[in-house]
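Listed below, chain by chain, are the residues.
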Amino acid sequence: MSIAGSAIKHCTSPGLNVRALTLTIATAALNATYLEEAHASDFSKGGLYNAVQVGGFILPLNDVNELSAEGVLRFDDRSSRFTIDKRIENERQLKRRLKPITLQDARAVRDLYRAHHVTLPGPTAHVLTIPSGFGPAAFSNQPSHATVAASFGGVSRVPWTNDPDAGLALGLGFGNSFEDLGVAMMLSLNDLSDIGNQDRTSFGFQLSRYLFDGLSVGVGAENLFVKDTDAEASPFIVASWAFDRRNTPFPLEGVVTVGLGGGRFAHKSPRDTAEGKGRSASKLFGGFSLQTSNTTSVIADWNGRNLSIGASWRRSESPIALKMGIRDLTNFSGDGPRLTGSVSIALLRF
């Protein structure tokens with residue numbers, strides 16, 4: 001008998017936990033939004049239905065029948081629960097299994113697998129001074145919002161001086177990098193030590209696309225249209241991969257980021273050059289983060305000029321994210337280590 005011929009109640013998979021995905025708006029308004037807990041319809045009252053909830057995702061009953069017939073979904077009569085075929089080990093295999101099947105809502109089953117079987121970034125930041133490959137995303141059982149976020153950050157001193165400085169940023173994130181593109185834009189006021197100087201306002205953007213198995217890529221630029229600052233327009237391409245103990249031989253969970261860029265990633269400052277530290281930076285940048293708890297991660301990154309280390313804090317339900325670190329740990333640029341930090345807050349979702 002087909003599944004459609006029986007009364008299907010509220011069916012969920014045990015032991016599954018929807019992970020959170022961070023949104024990076026350039027390098028300042030970080031972690032402005034994240035994937036929230038699903039609020040699915042209640043099928044517990046008995047009767048016949050034209051949809052089934054599996055692991056928090058609503059699948060049309062016709063799709064469930066097709067997926068069951070092809071062995072993608074398996075139904076346990078004793079527990080009345082669906083599970084995804086254990087022989088599907090990654091998203092690419094799932095894509096091949098789904099290709100010959102005609103579904104009403106292919107996105108729902110893709111997101112079901114992605115949420116419960118793929119490592120995605122946690123709620124804390126995974127980069128300090130570089131962009132991330134991850135962008136705005138939403139599962140099919142969650143509303144897709146545009147998010148406005150603000151960030152305030154600063155350094156204990158500007159290189160080659162003893163003067164502290166800070167900046168403000170306002171970010172907008174929208175779209176869905178799981179299915180199409182995630183878009184992040186940022187307007188920043190650089191160098192608050194000269195707050196009345198409108199020539200120090202800059203613009204940045206990033207387009208992101210999630211690929212498969214915890215891998216996401218982005219392309220964008222920072223510090224555009226600025227006329228008077230110690231930074232320069234910096235285009236970049238970047239990829240980030242989220243991993244956990246299933247992907248590595250070590251009991252670790254985190255994110256690896258690698259990118260290539262111009263501007264600040266490719267050139268050192270005029271003062272660095274004058275002090276004999278050369279003109280060219282590496283162009284290649286990258287970072288490595290470890291999720292040490294549900295609220296904390298430790299981070300190290302190379303921004304093309306220098307090495308930074310630090311940590312990030314955030315509760316998954318909180319709109320506020322904090323980062324603290326030490327920049328310029330190596331002698332390739334600047335005149336010694338500096339403290340850096342930022343606080344970001346999601347102001348509005350619509």
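As a reminder, the structure under discussion sits directly above these lines.
Everything numeric in this text was worked out from a predicted model, so none of it was measured.

J.: Tell me about the packing of helix H2 (residues 91–98) against helix H3 (residues 106–117), and please be specific about residues and values.
T.: Two elements in contact, H2 and H3, have axes separated by 11 Å at closest approach and are oriented at 155°. Taken together, the axes of H2 and H3 are roughly antiparallel relative to one another. The interaxial crossing formed by H2 with H3 has right-handed handedness. Across the interface between the two elements, Glu91, Leu94 and Leu98 from H2 touch Val109, Arg110, Tyr113 and Arg114 from H3. Broken down by class, the residue content of the contact of H2 with H3 amounts to four nonpolar, no polar and three charged.

J.: Could you give an account of the nonpolar core, with specific residues and numbers?
T.: Ranked by internal contacts, the top residues of the largest apolar core, which has 30 residues, are Leu59, Leu67, Val72, Leu73 and Leu98. Listing elements by their share of this core, those giving two or more residues are strand S3 (51–54), strand S4 (57–60), helix H1 (61–69), strand S6 (81–84), H2 and H3. Looking at this core, the element that brings in the most residues is H3, giving five residues. When residues no more than four places from it in sequence are discounted, the contact partners of Leu67 are Leu59, Val72, Leu73, Leu98, Ile101, Leu103 and Val109. By size, the runner-up hydrophobic cluster in this structure holds six residues, among which are Val127, Ile130, Val238 and Phe285.

J.: Could you give me a rundown of the pairing of strand S15 (residues 296–302), with the residues and numbers involved?
T.: Taken residue by residue, a regular strand's side chains alternate between the two faces of the sheet. Bridging between strand S14 (residues 284–291) and S15 involves six bridges; their strand directions are antiparallel. Bridged to Phe288 within S15 is Ala300. Hairpin geometry of S14 and S15 is characterised by an intervening segment of four residues between the two adjacent antiparallel strands. In this sheet, strand S16 (residues 307–313) lies alongside S15 in antiparallel orientation, the contact comprising seven bridges. From the neighbouring strand, Val298 faces S16, where its bridge partner is Ala311. Between S15 and S16, which pair antiparallel in sequence order, lie four residues; one of them, Gly304, sits at a positive phi of approximately 100°.

J.: Lay out the sheet that holds strand S11 (residues 215–224) in plain terms, naming residues and giving numbers.
T.: Strands sit in the order S7-S8-S9-S10-S11-S12-S13-S14-S15-S16-S17-S18 around a closed barrel of 12 strands; the barrel is antiparallel. Direction aside, neighbouring strands of the sheet carry axes that sit 20° apart on average. Pairing of strand S12 (residues 234–243) with strand S13 (residues 254–261) involves eight bridges; the strand directions are antiparallel. Looking at the pairing, Ala239 lines up with Val258 of S13.

J.: Account for the packing of aromatic side chains, with residues named and values stated.
T.: Within a pair of aromatic rings, the relevant descriptors are the distance that separates the centres and the angle that separates the planes. Taken as a whole and assessed by the stated rule, the structure comprises 10 aromatic pairs. Measuring from centroid to centroid gives 6.2 Å for Phe203 and Phe225, while their planes differ by 25°, and the two rings are stacked. Residue Phe203 is found in strand S10 (residues 201–212), and its partner Phe225 is found in the loop between S11 and S12; the two are separated by 22 residues along the sequence. Phe203 sits in the partly exposed class, given a relative accessible area of 26%. With centroids separated by 6.3 Å and ring planes inclined at 75°, the aromatic side chains of Phe236 and Phe265 adopt a geometry described as edge-to-face. Here Phe236, found in strand S12, pairs with Phe265, found in the loop between S13 and helix H4 (270–274); they are 29 residues apart in sequence, far enough to count as distant.

J.: Any details on the environment of Ser240? Residues and values, ideally.
T.: Relative to the assigned elements, Ser240 resides in strand S12. Residues Ser240 and Val258, 18 residues apart in the sequence, show an inter-C-alpha distance of 6.5 Å. Ignoring anything within four residues of it in the chain, the contact list for Ser240 reads His126, Ser132, Gly133, Phe134, Gly214, Leu215, Ser216, Val255, Val256 and Thr257. There is a polar contact of 2.8 Å between the side chain of Ser240 and the backbone nitrogen of Gly133. For Ser240, the side chain forms a polar contact with the side chain of Thr257, separated by 2.8 Å.

J.: Before we move on, could you go through H3 and cite the residues and values that matter?
T.: For H3, which comprises 12 residues, the first-to-last C-alpha distance of 17 Å matches the rise-based estimate of 16 Å (1.5 Å per residue) to within 8%. When H3 is considered as a whole, its buried residues turn out to be Ala108, Val109, Asp111, Leu112, Tyr113, Arg114, Ala115 and His116.

Scoring rules and cut-offs
Residues numbered from 1 in each chain as written. Predicted model: local features only at pLDDT ≥ 70, side-chain atom pairs only at ≥ 80, totals over all residues. Heavy atoms only, no water. Axes fitted to C-alpha atoms, helices over the stretch in contact; angles between N-to-C directions. Helix = DSSP H or I, 4+ residues; strand = E, 2+ residues; numbered from the N terminus. Parallel < 35°, antiparallel > 145°, perpendicular 65-115°, else oblique. Left-handed = near helix turned anticlockwise from the far one by under 90°. Contact = heavy atoms within 4.5 Å. Nonpolar A, V, L, I, M, F, W, Y, C, P; charged D, E, K, R; others polar. Core = buried A, V, L, I, M, F, W, Y, C linked by side-chain atoms within 4.5 Å. Buried < 20%, exposed > 50% of the residue type's maximum accessible area, 1.4 Å probe, protein only. Pairing = 2+ DSSP bridges. Phe/Tyr/Trp six-rings, centres within 6.5 Å; stacked < 30°, edge-to-face > 60°. Polar contact = N/O pair within 3.5 Å; in protein donor to acceptor, adjacent residues only side chain to side chain. Expected span 1.5 Å × (residues − 1).

Geometry only, nothing functional implied.
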